[in-house]
Amino acid sequence: HGFDVAVHYRASAADADATVRDARALGAQAAAFRADLSDEVACRALVPAVVAWRGRLDAVVNNASTFEYDDVSSFGYAAMDAHWRANTAPAIVLAQALHVHLGHAAAADPATCSGCVVNLLDQKLWNPNPDYLSYTLSKAEDRLNHWFAPEDSSDPELDRGRTGADTPHNFVASATWDLPGDN
């Protein structure tokens, strides 16, 4: 039946519970986990909570985001900070936590240790316009965070050679198309 599913939510408990029910109906183990990813302590606690639930974690699929309107005339530090804390920092912190977990798992059983991070991006990165400026900048940083690849890290906790874990990062972009005949 594929992956078991840990569904993260910030405030939409009913939607998370519906997703859990749907995953269970398909034969997966599933549970919902509440965390405000813009809160560093809550974000850092999420991966250990999931690992405590299932004993392992193989992948992080990150689609969480704040999407609030601003533009060059209304831009301010508070808006950028809110988007950075919700959109950019969690992508890095969750990948970091998965990599550390995989390092510990590799020490126990290197043959079964692998993982993957998927960060969903937005078509605004390829079709920029002046609205939602803070959101677009925060998602652009997600696209650029290839520097986070563990083999490029100077942090020994993230050093793939030391942990034995490989954590590839994948970035998936949404897009819109105008099909022939569309108005």
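Keep in mind the model is a prediction, meaning the values are calculated, not measured.

Visitor: Please clarify how the overall build of the chain should be interpreted in this entry.
Guide: Helix and strand counts for the chain stand at five helices and five strands. Reading the helices (α) and strands (β) of the chain from amino to carboxyl end gives β-α-β-α-β-α-β-α-α-β. Counting the 183 residues in the chain, one finds 36% classified as buried. Put simply, 69% of the contacts in the chain that link residues at least 6 apart link residues at least 24 apart. A total of about 10700 Å² of accessible surface is found on the chain, and carbon and sulfur atoms cover 54% of it.

Visitor: Would you explain the pairing of strand β1 (residues 5-9) in this entry?
Guide: A regular strand carries its side chains on alternate faces of the sheet. Sheet analysis places β1 next to strand β2 (residues 30-34), joined by five bridges and oriented parallel. Along β2, the bridge assignment pairs Y9 with R34. Handedness of the β-α-β unit built from β1, helix α1 (residues 13-25) and β2 comes out right-handed.

Visitor: Which parts of the structure should I look at to understand the packing of aromatic side chains?
Guide: Two aromatic rings are characterised by how far apart their centres lie and by the angle between their planes. A full pass over the atoms with the stated rule returns four aromatic pairs. For the pair F67 and Y132, a centre-to-centre distance of 4.1 Å together with 10 degrees between the ring planes defines the contact as stacked. A residue pair is termed long-range when its members are at least 10 positions apart, and F67 in the loop between β3 (59-62) and α3 (77-108) and Y132 in the loop between β4 (116-120) and α4 (133-144) qualify at 65 residues. A ring pair is formed by Y69 and Y132, whose centres lie 5.2 Å apart and whose planes are at 85 degrees; its orientation type is edge-to-face. Here Y69, found in the loop between β3 and α3, pairs with Y132, found in the loop between β4 and α4; they are 63 residues apart in sequence, far enough to count as distant. Taking relative accessible area as the criterion, Y132 reaches 22% and is therefore assigned partly exposed. Each member of the aromatic cluster is reached from another via a ring pair, and the members are F67, Y69, Y132 and Y135. Between the NZ or CZ atom of R54 and the centre of the ring of W53, over which it lies, the distance is 5.4 Å.

Visitor: Help me out: how do you make sense of the packing of helix α2 (residues 40-54) against α3 in this one?
Guide: A pair of packed helices is characterised by two quantities: the angle between their axes and the separation of those axes. The contact between α2 and α3 brings their axes to 9 Å, and the two run at 35 degrees. Where α2 crosses over α3, the two elements pack in a sense that is right-handed. Here E40, C43, R44, L46, V47 and V51 of α2 come into contact with α3, specifically with R85, P90, V93, L94, Q96, A97, L98 and H101.

Visitor: Help me understand the confidence of the model for the chain in this model?
Guide: Caution applies to low-pLDDT regions: their predicted coordinates should not be interpreted in detail. This prediction gives the chain a mean pLDDT of 81; 77% of its residues lie at or above 70. The least confident element of the chain is helix α5 (residues 160-163), whose mean pLDDT is 37; the most confident is β2, at 98. Between residues 146-165, whose pLDDT stays under 50, and residues either more than four places distant or in other chains, the model counts 38 contacts.

Visitor: Please clarify how the environment of V93 should be interpreted in this entry.
Guide: Within the fold, V93 resides in helix α3. Separated by 46 residues in sequence, V93 and V47 place their C-alpha atoms 9.6 Å apart. Beyond its immediate stretch of four places on either side in the chain, V93 contacts C43 and R44.

Visitor: Got a minute to help me understand the pattern of salt bridges in this structure?
Guide: A side chain with one charge may pair with a side chain of the opposite charge, provided their charged atoms come close. Going through the model one piece at a time under the given rule, you end up with four salt bridges. Here R54 and D4 are joined by a salt bridge, their closest N and O atoms 2.8 Å apart. With R54 in helix α2 and D4 in the segment before β1, this pair connects stretches of sequence that are 50 residues apart. Since its relative accessible area comes to 37%, R54 is described here as partly exposed. Residue classification places D4 among the partly exposed positions, given a relative accessible area of 27%. For E40, the salt bridge is made with R44, and the minimal N-O distance between the two is 2.9 Å. Residue E40 and its partner R44 are located together in helix α2, separated by four residues, close to a single helical turn. A residue is classified by how much of its surface remains accessible, and R44, at 38% relative accessible area, is partly exposed.

Rules used throughout
Residues numbered from 1 in each chain as written. Predicted model: local features only at pLDDT ≥ 70, side-chain atom pairs only at ≥ 80, totals over all residues. Heavy atoms only, no water. Helix = DSSP H or I, 4+ residues; strand = E, 2+ residues; numbered from the N terminus. Buried < 20%, exposed > 50% of the residue type's maximum accessible area, 1.4 Å probe, protein only. Contact = heavy atoms within 4.5 Å. Areas by Shrake-Rupley, 256 points an atom, 1.4 Å probe, with all protein chains shown as cover. Pairing = 2+ DSSP bridges. Right-handed = clockwise from strand over helix to strand, strands pointing away. Phe/Tyr/Trp six-rings, centres within 6.5 Å; stacked < 30°, edge-to-face > 60°. Lys NZ or Arg CZ within 6 Å of the ring centre and 35° of its normal. Axes fitted to C-alpha atoms, helices over the stretch in contact; angles between N-to-C directions. Left-handed = near helix turned anticlockwise from the far one by under 90°. pLDDT = per-residue confidence, 0-100. Salt bridge = Lys/Arg side-chain N within 4 Å of Asp/Glu carboxyl O.

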